[in-house]
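An overview of the molecular structure
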Amino acid sequence: MSFSKGDKITWNTPQGETEGTIVEKHEKEFTFADQKFKASKDEPYYTVESSKSGKKAAHKESALSKK
């Protein structure tokens, strides 16, 4: 499953399920919050923004679900 900018998604956190929005898709290695992520076309990562806190995070596609 592929996501697009603006898609509404959910992902799991230690506090439970979180809802948010896709901000950006990454298909190459990138740095986010001083961490390197090895994204690829086969295993993309996404920058997501929490609807509740407004904080951003980076997640693998497999960790996200369409809302």
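Placed above this text is the structure.
The text that follows walks through the structure, step by step, so that each part is easy to find. (Residues numbered from 1 in each chain as written. Predicted model: local features only at pLDDT ≥ 70, side-chain atom pairs only at ≥ 80, totals over all residues. Heavy atoms only, no water.)

**Structural notes on the nonpolar core**
Convention followed: By nonpolar core is meant a set of buried Ala, Val, Leu, Ile, Met, Phe, Trp, Tyr and Cys residues that side-chain atoms within 4.5 Å join together. Relative accessible area decides the class of each residue, using a 1.4 Å probe on protein chains only: under 20% of the type maximum gives buried, over 50% gives exposed, and in between gives partly exposed. Whether two residues touch is decided by their heavy atoms; if any such pair falls within 4.5 Å, the residues are in contact.
In terms of nonpolar packing, the biggest core is built from seven residues, these being Phe3, Ile9, Trp11, Ile22, Tyr46, Val48 and Leu64. In this view, Phe3 contacts Ile9, Ile22, Lys25, Tyr46, Glu61, Leu64, Ser65 and Lys66; residues no more than four positions away in its chain are not counted. In this structure, Phe30, Ala39, Tyr45 and Ala58 belong to the second largest nonpolar core, which totals five residues.

**As for the pairing of strand S5 (residues 45–50)**
Short version of the rule: In this text, helices come from DSSP runs of H or I with a minimum length of four residues, and strands from runs of E with a minimum of two, each type numbered from the N-terminal end. A pair of strands is considered paired only if DSSP assigns at least 2 bridges between the two.
Of all six residues in S5, five are buried; the element is thus mostly enclosed. As paired elements, strand S2 (residues 16–26) and S5 share six bridges and run antiparallel to each other. By the bridge assignment, Glu24 is partnered in S5 with Thr47. Where S5 lies against strand S6 (residues 56–60), five bridges are found, and the strand directions are antiparallel. Directly across from Tyr45, in S6, lies its bridge partner Lys60. Linkage of S5 to S6, two consecutive antiparallel strands, is achieved through a turn of five residues, within which Gly54 is found at a positive phi near 80°.

**A few points about the sheet that holds S2**
The criterion, for reference: Whenever a helix is involved, its axis is fitted only over the stretch in contact; in every case the axis is a line through C-alpha atoms, and angles between N-to-C directions fall within 0 to 180 degrees.
Spatial ordering of the open sheet is given by S6-S5-S2-S1-S7, a layout of five strands whose pairing is antiparallel. The strands lining the two open edges of the sheet, one partner per strand, are S6 and strand S7 (64–66). Within the sheet, the average angular offset between the axes of one strand and its neighbour, ignoring direction, is 45°. Inspection of the sheet shows strand S1 (residues 8–13) paired to S7 by three bridges, in the antiparallel sense.

**Let's talk about the side chain of His59**
To keep things clear, this is the line we draw: Here a polar contact is recorded for every N or O atom pair within 3.5 Å, except that within protein the pair must consist of a potential hydrogen donor and a potential acceptor, and residues adjacent in sequence are included only if both atoms are side-chain atoms.
Here His59 lies in strand S6. Of note is the side chain of His59, whose polar atom sits 3.3 Å from the side chain of Trp11. The contacts of His59, once residues within four sequence positions are left out, are Trp11, Tyr45, Tyr46, Val48 and Leu64.

**Section: unusual backbone geometry**
Backbone geometry at Ala33 places phi at a positive 50°, although glycine is not the residue there. As for its placement among the helices and strands, Ala33 is situated in the loop between strand S3 (30–32) and strand S4 (35–37). Overall, Ala33 belongs to the exposed group, its relative accessible area being 59%. Its identity as a non-glycine residue notwithstanding, Asp34 has a phi of 60°, on the positive side. Positionally, Asp34 belongs in the loop between S3 and S4.

The analysis is restricted to geometry; functional conclusions fall outside its scope.
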